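# Examining the three-dimensional arrangement
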Amino acid sequence: MQEKEIATLLKAQREYYNGGHTLPLSARITALKTLQKYIQDHQKDFLNALRADLGKSDFEGYTCEVGLALSEIRYVMKRLKKWAKPKRVKTPLAQFPSKSYRQPTPYGNVLIVSPWNYPFLLTVEPLISALAAGNTAILKPSAYSPATGAAVKKMTDACFAPQLVATVLGGRAENACLLAQKFDFIFFTGSQNVGKEVMRSAAENLTPIALELGGKSPCIVDETAKIPLTAKRIVFGKFLNCGQTCVAPDYILCASKIKDELLRCIRAEIKAQFGENPLENPAYGKIVNAKHFARLKGLIQPEKTAYGGGVDEGKLKIEPTVLGGVTWQDSVMQEEIFGPILPILTFENFDEIDGILQDKQKPLALYLFTEDKKRAKASMARWRFGGGCINDVIIHLATSEMGFGGVGESGMGEYHGKAGFDLFTHEKSIVNKKTWLDLPMRYQPYTEKKEKIVRKFLK
């Protein structure tokens, strides 16, 4: 799509929004129901697209993408009427007589730029929030997941008039054209480097944004952890989607005294979950493209490979791989891995971790495996990260009851459920002042008597 076409599309959406068509709750519910029915009726199309782009099994494609999107729609529709109501707040006595309230209002025309690793879920979930809040939306799926992008475009073309929701396919040229436009809100999920470019572009128009980024999410295991269960859960979360998950444990930081036992259990769990030859397992995904395959292959140090390390370049597959003897200076620790490679580092004393984390960028997720309840509570309160789990991994994002998002270098803004509605909404503060009485204190001329009265009100 050319720049002129994109500008024309946005103009049409702006006119549609200005016409008030998205404001009624009935219109929002209708849009969500239409989306829900299409997804239910075309599940197989989306699952086939996810398999083509990322080698995802139908089970993984449904439980981690399609099913979560349907769950989010049901959750939002059930509660939308309550969320959209004006919220009465107390009015100071000095403003008597009046009524004060907070009015949720859509931003207007929004841009949603989604990534390739969960190309269906991370396009549809922010769309659900945007529609619930009463916005129009232009979706820009990643060019690295073309099958899913095409399926999403087919969906939006079938479900919505382009004045309400439209999908723009393409690569960097289309991204640049979209970011050059003046939107009312931009929602971006992707890498930190591209996130910086999105933020620079948004700044040109003073457009508010949400950035869902990533980073090196640590998985900390202390000496009290239940090692077999810890290994089972880490292996599940790390190698889900072939490691291409923004909240996957990026590396393990464990107590040195339990490293050997943990490594032994992780090896056993990889075999149990993925088989003796994961490269032949049809339920184990692939790397998205040759570029990322080559990058990941370059991070595997044969001399430090404690398990796995095998690759199939033709299928773009890399075995679940564990690296031991890793240092903070190794190349695998200099960037977000975003693949099926799991480095293990150690600490001697738990108190060391504070200093280690303080020197690192704030991660999107953090995981702590411990049976020490006081340690867990204190650590979760003290350390800075987007969100996480105690004694599990990644599951904190699979709920509509809590917001999901990063902090600092890992992002800004959160969504899912009510948090998503709030993200795509501006709450206006409004005072409705009555006309049957007008107190004179605020008007000139100011007198000593007026000042005494005002001071009593404003103590």
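Here goes a summary of the coordinates provided. It should be emphasised that the depicted structure is a prediction, and the values quoted were computed from it without experimental measurement.

On to helix α7 (residues 172-179), then. Structurally, the α-helix is built with 3.6 residues per turn, so residues lying three or four positions apart point the same way. Residues of α7 that are buried: Glu174, Cys177, Leu178 and Leu179. Packing partners of the buried residues in α7 comprise α1 (3-18), β3 (109-113), β4 (136-140), β6 (185-189) and α8 (192-204).

Along β6, five of the five residues are buried, which leaves the element largely enclosed by surrounding structure. Alternating residues of β6 divide into Phe185, Phe187 and Thr189 and Ile186 and Phe188, and every residue in both groups is buried. The pairing of β3 with β6 spans four bridges and is classified as parallel. Across the sheet, leucine 111 pairs through a bridge with isoleucine 186, a residue of β6. Bridge count between β6 and strand β7 (residues 209-212): four bridges; the pairing is parallel.

Our focus in this paragraph is a nonpolar patch on the surface. A cluster of nonpolar side chains, Leu93, Phe96, Trp436, Leu437, Phe457 and Leu458, forms an exposed patch at the surface whose accessible area comes to about 660 Å². Within the secondary structure layout, phenylalanine 96 lies in the loop between β1 (87-89) and β2 (98-106).

Okay, the environment of leucine 342 next. When you line up the elements, leucine 342 lands in strand β14 (residues 341-347). Take leucine 342: its relative accessible area is 0%, and that puts it in the buried class. A C-alpha to C-alpha distance of 7.5 Å links leucine 342 and lysine 238, two positions 104 residues apart in sequence. Excluding residues that lie within four positions of it along the chain, leucine 342 makes contacts with Ile234, Lys238, Phe239, Pro249, Asp250, Tyr251, Ile252, Ile266, Thr321, Val322 and Leu323.

What follows concerns the side chain of histidine 292. If you trace the backbone, histidine 292 turns up in helix α11 (residues 290-299). Setting aside anything within four residues of it in sequence, one finds histidine 292 in contact with Trp116, Tyr144 and Ile287.

Ile39, Phe120, Met155, Ile220, Val221, Ile252 and Ile266 are the most contacted members of the largest nonpolar core, which totals 115 residues. Top element by residues in this core is helix α4 (residues 58-84). It accounts for 11 residues. Aside from chain neighbours lying at most four places away, what touches valine 221 is Ile227, Thr230, Ile234, Ile252, Leu253, Cys254, Ala255, Ile258, Leu262, Phe347 and Phe369.

What counts and what doesn't
- Residues numbered from 1 in each chain as written.
- Predicted model: local features only at pLDDT ≥ 70, side-chain atom pairs only at ≥ 80, totals over all residues.
- Heavy atoms only, no water.
- Buried < 20%, exposed > 50% of the residue type's maximum accessible area, 1.4 Å probe, protein only.
- Helix = DSSP H or I, 4+ residues; strand = E, 2+ residues; numbered from the N terminus.
- Contact = heavy atoms within 4.5 Å.
- Pairing = 2+ DSSP bridges.
- Patch = residues over 30% accessible without salt bridge, like charges linked within 9 Å, V, L, I, M, F, W, Y side chains within 5 Å.
- Areas by Shrake-Rupley, 256 points an atom, 1.4 Å probe, with all protein chains shown as cover.
- Salt bridge = Lys/Arg side-chain N within 4 Å of Asp/Glu carboxyl O.
- Core = buried A, V, L, I, M, F, W, Y, C linked by side-chain atoms within 4.5 Å.

Function cannot be read off these values alone, since they describe shape.
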